[in-house]
Amino acid sequence: MQWLSRLERIIDSHLLRDVPLAGKTSLGIGGPARVFLSARNMADLKKVSEFANAEDVPLWVIGGGTNLLVHDEGLDGIVVSSIVLHKLKWEIQKEEVRIIAESGVHLSKILQLSMQSAWSGLEFASGIPGTIGGALAGNAGADGKGLCDVLEWVETIEPGGNSRTWLKKEISFSYRKCSLSLDRRIITRCCLNLRTANAEQVRSAIKSFQKKRSMQPRSTKTAGCVFKNPDGRISAGRLLDLAGCKGLRLGGVKVSEIHANFLEVEKDASARDVYAVIEECRRRVYESSGVWLELEIRLLGGPWGK
Ligand code: EPU
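Overview of the structure. Just so it is clear, the model here is predicted, and its values are computed rather than measured. Position numbers for residues start from 1 in each chain and track the written sequence from start to end. The predicted origin of the model limits local features to residues at a pLDDT of at least 70 and limits the giving and counting of side-chain atom pairs to 80 or more, whereas totals for whole chains, interfaces and linings rest on all residues. To get the side-chain values, all heavy atoms of the structure are used, and hydrogens and water are removed first.

This brings us to the site of the ligand. Near the ligand lie 20 residues; those nearest to it are Tyr175, Cys225, Asn229, Asp241 and Glu296. A distance of 2.8 Å is found between an oxygen atom of the ligand and a side-chain nitrogen or oxygen belonging to asparagine 229. For the ligand, an oxygen atom lies 2.7 Å from a polar atom in the side chain of glutamate 296. With residues, only the protein chains shown are counted as cover, and all accessible areas are computed by Shrake-Rupley using a 1.4 Å probe. Starting from 820 Å² of accessible surface for the ligand in isolation, the protein chains cover 74%. The cutoff for a nearby residue is simple: one of its non-hydrogen atoms must lie within 4 Å of the molecule or strand. Side-chain atoms alone can form a polar contact between residues adjacent in sequence; in general such a contact is a pair of N or O atoms within 3.5 Å, and within protein one must be able to donate a hydrogen while the other accepts it.

This brings us to the sheet that holds strand β17 (residues 253–255). For sheets, the rule is that strands pair by backbone hydrogen bonds, running either parallel or antiparallel. With antiparallel pairing, 3 strands are arranged side by side in an open sheet as β16-β17-β18. Since the sheet does not close on itself, it has two edges, and those belong to β16 (249–250) and β18 (263–265), each with one partner. Following DSSP output, two strands are said to pair if at least two bridges run between them. A helix here means a DSSP run of H or I that spans at least four residues, while a strand means a run of E at least two residues long, and both kinds are numbered starting from the N terminus. Examined bridge by bridge, β16 and β17 share 2 bridges and lie antiparallel to one another. For arginine 249, the partnering residue across the bridge sits in β17 and is lysine 254. Only heavy atoms matter for contacts: two residues are in contact if any of them lie within 4.5 Å across the pair. Each axis is a line fitted through C-alpha atoms, taken for helices only over the stretch in contact, and angles between the N-to-C directions span 0 to 180 degrees. Relative to β17, helix α7 (residues 271–289) is tilted by about 30°, and along the sheet it contacts β16, β17 and β18.

We now examine the pairing of strand β15 (residues 186–196). One ladder, built from 7 bridges, connects strand β7 (residues 96–102) with β15; its direction is antiparallel. Residue pairing in the sheet places valine 97 in a bridge with leucine 194 of β15. As paired elements, strand β11 (residues 151–157) and β15 share 6 bridges and run antiparallel to each other. Looking across to β15, one finds that threonine 156 is bridged to isoleucine 187.

The subject of this paragraph is unusual backbone geometry. Note: most residues except glycine have negative phi, and most peptide bonds are trans. Cis geometry is adopted by the peptide bond preceding proline 303, which originates at glycine 302 and carries an omega value of 15°. Its place among the elements puts proline 303 in the segment after β19 (298–300). Even without being glycine, aspartate 56 reaches a positive phi, approximately 55°. By the element assignment, aspartate 56 lies in the loop between α2 (42–55) and β3 (59–62). Here arginine 176, not a glycine, exhibits a phi torsion of approximately 55°, which is positive. Looking at where arginine 176 falls in the secondary structure, it is placed in the loop between β13 (173–174) and β14 (177–178).

Moving on, we come to the pattern of salt bridges. Here, a salt bridge means any side-chain nitrogen of Lys or Arg that lies within 4 Å of a carboxyl oxygen of Asp or Glu. Scanning the entire structure with this criterion turns up 19 salt bridges. The residue glutamate 294 makes a salt bridge to lysine 228 at a minimum N-O spacing of 3.5 Å. With glutamate 294 in the loop between α7 and β19 and lysine 228 in the loop between α5 (199–213) and α6 (236–242), this residue pair connects regions lying 66 residues apart in the sequence. For every residue, the accessible area (1.4 Å probe, protein chains only) is compared with the maximum for its type, and the residue is labelled buried under 20%, exposed over 50%, or partly exposed between those bounds. Using a relative accessible area of 46% as the deciding quantity, one classes glutamate 294 as partly exposed. Of the residues examined, lysine 228 reaches a relative accessible area of 13% and is grouped as buried. The network of salt bridges with shared partners includes Glu280, Arg283, Arg284 and Glu287.

So far we have only geometry, and geometry alone does not tell us how the molecule works.
What follows is the structure, given as structure tokens:
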């Protein structure tokens with residue numbers, strides 16, 4: 001890592017070595033980041049992006065860590081957390097509300113603000129953990145609704161360090177996919193369009209989404225749904241359930257008895273255990289229904305399965 005001293009010379013923020021990523025993911029699993037940037041300002045984020053591109057060093061961007069499985073061996077290169085980007089502001093014009101949120105703002109914070117202020121549009125996001133940046137990168141959603149439905153623009157730092165603003169029409173979204181999701185691109189801010197509404201209606205819509213979430217494990221460590229729903233329609237959880245995966249256990253990892261698309265992990269579980277359960281679940285579903293499930297969670301590092 002001869003590049004590290006060169007990077008240290010050009011930025012103000014702290015560069016930490018061998019930072020365990022387990023504490024930065026909801027699964028509580030994962031080896032260390034060889035170099036972790038605790039960015040103090042946007043200028044350093046641009047510099048690190050430019051540096052990684054010029055020196056061909058891997059650059060990983062993590063948000064709330066709620067949809068990630070980090071390899072036990074950790075990650076080479078530089079890991080940047082967007083958690084430091086946490087400014088949130090809004091403008092109201094008649095019934096239109098524009099929320100401008102930096103990517104590290106937690107979705108739950110925006111939802112809470114919407115509920116208190118009786119703004120409608122984000123109710124579907126109730127119970128989705130993580131940051132708005134991570135939610136955008138994965139087009140998070142529920143019940144056929146996604147963040148793309150309320151999006152106006154997104155600001156990024158492109159690989160190489162230049163800022164760019166993307167209008168919604170320049171971005172393509174599909175079920176749990178967003179074309180902006182790319183290694184070395186850092187999502188920094190976005191603008192969401194909500195509208196003023198009746199407080200009781202907003203509250204009751206949020207409650208009904210919360211009710212659905214009550215059929216999911218909440219007291220254990222998970223990374224949300226592990227697999228995508230095939231075609232975005234058939235429930236992967238249902239297929240896993242029918243294939244007899246509920247309760248399947250390997251090492252410290254268990255397929256939830258509450259909802260089969262969730263893996264629950266214990267303190268001493270490893271990423272290797274999680275991956276082994278994923279493979280076994282895939283195999284069982286393929287054998288019982290002929291469907292090859294695609295991952296919704298992101299695997300970082302690797303190689304996996306060796
Ligand atoms: N089902 C089973 N067994 C199970 C799980 C589900 O039989 O183990 C059945 C349910 O009884 C229901 C049907 O399958 O009849 C659908 O289940 P659910 O309402 O839980 O919806 P889902 O399609 O499994 C999706 C999202 C969830 C989101 C819920 C509720 C995906 C992969 N999953 O689950 O999102 O919370 O709808 O809106 O899109 C996530 O993305 O991390 C996530 C958890």
